[in-house]
Structures are given as structure tokens and as C-alpha cells.
Amino acid sequence: MLWIVNNNEKSGTMDLGGSLSRQAEKDAPVTDLSSHIVNIGQMVEKMENNIRSTLDTIYFGRTRDIVNETRSIVALQDKARMDSVNKELFKALDDKNKKPVQ
């Protein structure tokens, strides 16, 4: 089970939750009770690493991509101002290119 809540003034609130389950089988020799516990421990550690890797790669990576696509770091007012400056620059360059050469 995984649940992450992020509440940041700049990025806003984000809730991410989900569950993931895996199972594995392994044949291993058992000579006494302690070797059985060792075998189970190794399987648990291997599965834990596998799940952590999957979470990091698929869930967090994909969430990061989606958030980066849907949220803008630049405020809307700043973006509008940048768009206005870009339009002015393009217009100035276009007007300069249209002037006859003397």
C-alpha cells in the first residue's frame, strides 16, 4: 500500500495512492528451521527491491511526467507577459525584415 500527499504553496496539493501486490515461488533446500527462515528472508528482500524499483520507475516516473505536462511552474500572469513580449519581438523583427534596404 502506498499513499503520498504533497501540499506545497508553489505546486499545490497532490494526492497519490495505490496498492501493488506480487507473488513469487522458489524451490530451495531446507535442512533445518533456520535455513527455511533464511530462504524466506532472501525472497522477501528480493521482492521488496523489485517492488521499490517498479514503484520508482513506473508510478513515480509516470506521475512526474503527468504532473510536468499538466502543471506549469510559471504563473499565468508571467506566461501572459512572456507571450506579449514574444509577440512584440516577432512583430519588430517582421517589420525590420519588411523595410526596404537603403
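**As for the overall build of the protein chain**
From N to C terminus, the protein chain includes two helices and two strands. Each helix (α) and strand (β) of the protein chain, taken in turn from the N terminus, gives the series β-β-α-α. Against the compact-globule benchmark of 13 Å for 102 residues, the protein chain has a radius of gyration of 28 Å, which places it well outside the compact range. Dimensions of the protein chain, computed from C-alpha atoms along their principal axes, come out at roughly 95 × 35 × 15 Å. Partitioning the intrachain contacts of the protein chain with sequence separation of at least 6 by distance along the chain shows that 40% fall at a separation of at least 24. Approximately 9,600 Å² of the protein chain is accessible, and the part contributed by carbon and sulfur atoms is 55%. Taking the average location of the 15 positive side-chain charges in the protein chain and that of its 15 negative ones, the two points are 11 Å from each other.

**With respect to helix α1 (residues 33–70)**
Helix length check: α1, at 38 residues, gives a terminal C-alpha distance of 54 Å against a target of 56 Å (1.5 Å per residue), a fit within 8%. Remark: the principal bend of α1, roughly 30°, maps to Leu55. Inspection of α1 places Ser35, Asn39, Met47, Thr54, Leu55, Gly61 and Thr63 among the buried residues, and these make up the whole buried set.

**Describing the side chain of Ser35**
One can find Ser35 in helix α1. Ser35 gets classed as buried once you look at its relative accessible area, which sits at 16%. Looking at Ser35, its side chain comes within polar contact range of the main-chain oxygen of Asp32, at 2.9 Å. With sequence-adjacent residues up to four places away left out, Ser35 is seen in contact with Pro29 and Val30.

Calculation rules
Residues numbered from 1 in each chain as written. Predicted model: local features only at pLDDT ≥ 70, side-chain atom pairs only at ≥ 80, totals over all residues. Heavy atoms only, no water. Helix = DSSP H or I, 4+ residues; strand = E, 2+ residues; numbered from the N terminus. Rg over C-alpha atoms; globule rule 2.2 N^0.38 Å. Contact = heavy atoms within 4.5 Å. Areas by Shrake-Rupley, 256 points an atom, 1.4 Å probe, with all protein chains shown as cover. Lys, Arg positive; Asp, Glu negative; His and termini not counted. Charge placed at Lys NZ, Arg CZ, Asp CG, Glu CD. Expected span 1.5 Å × (residues − 1). Bend = angle between axes of the 7 residues up to and from the residue. Buried < 20%, exposed > 50% of the residue type's maximum accessible area, 1.4 Å probe, protein only. Polar contact = N/O pair within 3.5 Å; in protein donor to acceptor, adjacent residues only side chain to side chain.

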